[in-house]
Amino acid sequence: SQSQYIGKSLKEEFPELVRKGIFNKAINVIKTGLPLRTELQLNIGNKIQWFELAANQMTEGLVITLTNMDEKKKAEEKFRQNYHELIKAKENYRSLTIALEEKVQERTLELSQGEERFRLIANAASDAIWDWDLVNNNIWWSDSFYNRFGFEREEETAAGNFWIQHIHADDR
């Protein structure tokens, strides 16, 4: 408790502060009148703990306060570790995003090349080529279909029921 240290010798009661140079800094506070604020680790009961030391000159001497800030330092360290983990996760996310974007570009190029090959083949063939999208019930027809059968490119030719509407009544 603080009452057991009031009026005691800094050198005798806290030799660790002397070893850490605080005694000389305390003398400097008395000489200059400038306060001292610092953070330091002390071995208290065989346990290293963080303290904030404040030294101020008073009319009748010097006041030194030690405030245990071990929990604060632990929280700061945990925050620092979490921050570094967050930065690493952000960097990993950025790397994954770049890799994904490259893969999407690669696949898009492959798809467009495949579509171009299909279009060239469909235009070169005289056969009527079609593709029925069963999910959306739309039909895609090649140019040969329109040229061969004389239909116009309209929404009704893309409808799924276009087939049924053009089957002869006797064939239904």
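For the structure, see preceding data.
Residues numbered from 1 in each chain as written. Predicted model: local features only at pLDDT ≥ 70, side-chain atom pairs only at ≥ 80, totals over all residues. Heavy atoms only, no water.

### Quick word on helix H3 (residues 22-32)
Along H3, the positions that sit buried rather than exposed are Ile-22, Ala-26 and Val-29. End-on, the buried residues of H3 take up no more than an arc of 50 degrees, which puts them together on one face. What points out from H3, more than 90 degrees from its buried face, is the exposed set Asn-24 and Lys-31. Where the residues of H3 are buried, they touch helix H1 (10-13), helix H2 (15-19), strand S1 (36-44), strand S2 (47-58) and strand S3 (61-68). The first or second residue beyond H3 is Gly-33, which carries a positive phi of 80 degrees. (Buried < 20%, exposed > 50% of the residue type's maximum accessible area, 1.4 Å probe, protein only. Helix = DSSP H or I, 4+ residues; strand = E, 2+ residues; numbered from the N terminus. Arc of directions from axis to C-beta. Contact = heavy atoms within 4.5 Å.)

### Structural notes on the sheet that holds S1
Across the sheet, which stays open at both edges, the three strands sit in the order S1-S2-S3 with antiparallel pairing between neighbours. This sheet does not close on itself; its edge strands, each paired only once, are S1 and S3. Between one strand and the next, the sheet's axes are offset by a mean angle of 30 degrees, whatever the strand orientation. Pairing analysis gives eight bridges linking S2 to S3, with the strands arranged antiparallel. Paired with Phe-51 across the two strands is Asn-68, which belongs to S3. In this fold H3 packs onto S1, S2 and S3, with an angle of close to 20 degrees to the strand it touches most, S2. Contacting S1, S2 and S3, helix H4 (residues 70-124) runs over the sheet at an angle of about 120 degrees to S2. (Pairing = 2+ DSSP bridges. Axes fitted to C-alpha atoms, helices over the stretch in contact; angles between N-to-C directions.)

### Let's talk about the layout of surface pockets
Taken as a whole, the largest pocket encloses approximately 730 Å³ of empty space. Considering the residues around the largest pocket, the lining is formed by 22 residues, among which Tyr-5, Leu-10, Phe-14, Ile-64 and Thr-65 are closest to the centre. Within the residue set of the lining of the largest pocket, elements represented by two or more residues are H1, H3, S1 and S3. Residue contributions to the lining of the largest pocket peak at five residues, all from S3. Partitioning the lining of the largest pocket into residue classes produces 16 nonpolar, four polar and two charged. (1 Å grid on protein atoms, 1.4 Å probe; cavity = no way out; pocket = protein on both sides within 12 Å on 5 of 7 lines; lining within 4 Å. Points joined across faces, edges and corners; volume = space filled by probe spheres on them. Nonpolar A, V, L, I, M, F, W, Y, C, P; charged D, E, K, R; others polar.)

### Details of the nonpolar core
Listed in full, the eleven residues of the largest apolar core are Leu-10, Leu-17, Ile-22, Ala-26, Val-29, Leu-36, Leu-40, Leu-42, Phe-51, Leu-53 and Ala-55. Among the secondary structure elements, those contributing two or more residues to this core are H3, S1 and S2. The residues contacting Leu-40, other than those within four sequence positions of it, are Leu-17, Lys-20, Gln-49, Trp-50, Phe-51 and Leu-53. Residues Ile-139, Trp-141, Tyr-146 and Phe-162 belong to the second largest nonpolar core, which totals five residues. (Core = buried A, V, L, I, M, F, W, Y, C linked by side-chain atoms within 4.5 Å.)

### A look at the environment of Glu-39
Examined against the element boundaries, Glu-39 turns out to sit in strand S1. In this structure, the C-alpha to C-alpha distance between Glu-39 and Trp-50, residues eleven residues apart in sequence, is 7.0 Å. Contact partners of Glu-39, with chain neighbours within four places excluded, come to Trp-50, Phe-51, Glu-52, Met-69 and Lys-73. A polar atom in the side chain of Glu-39 sits 2.6 Å from the side chain of Lys-73. (Polar contact = N/O pair within 3.5 Å; in protein donor to acceptor, adjacent residues only side chain to side chain.)

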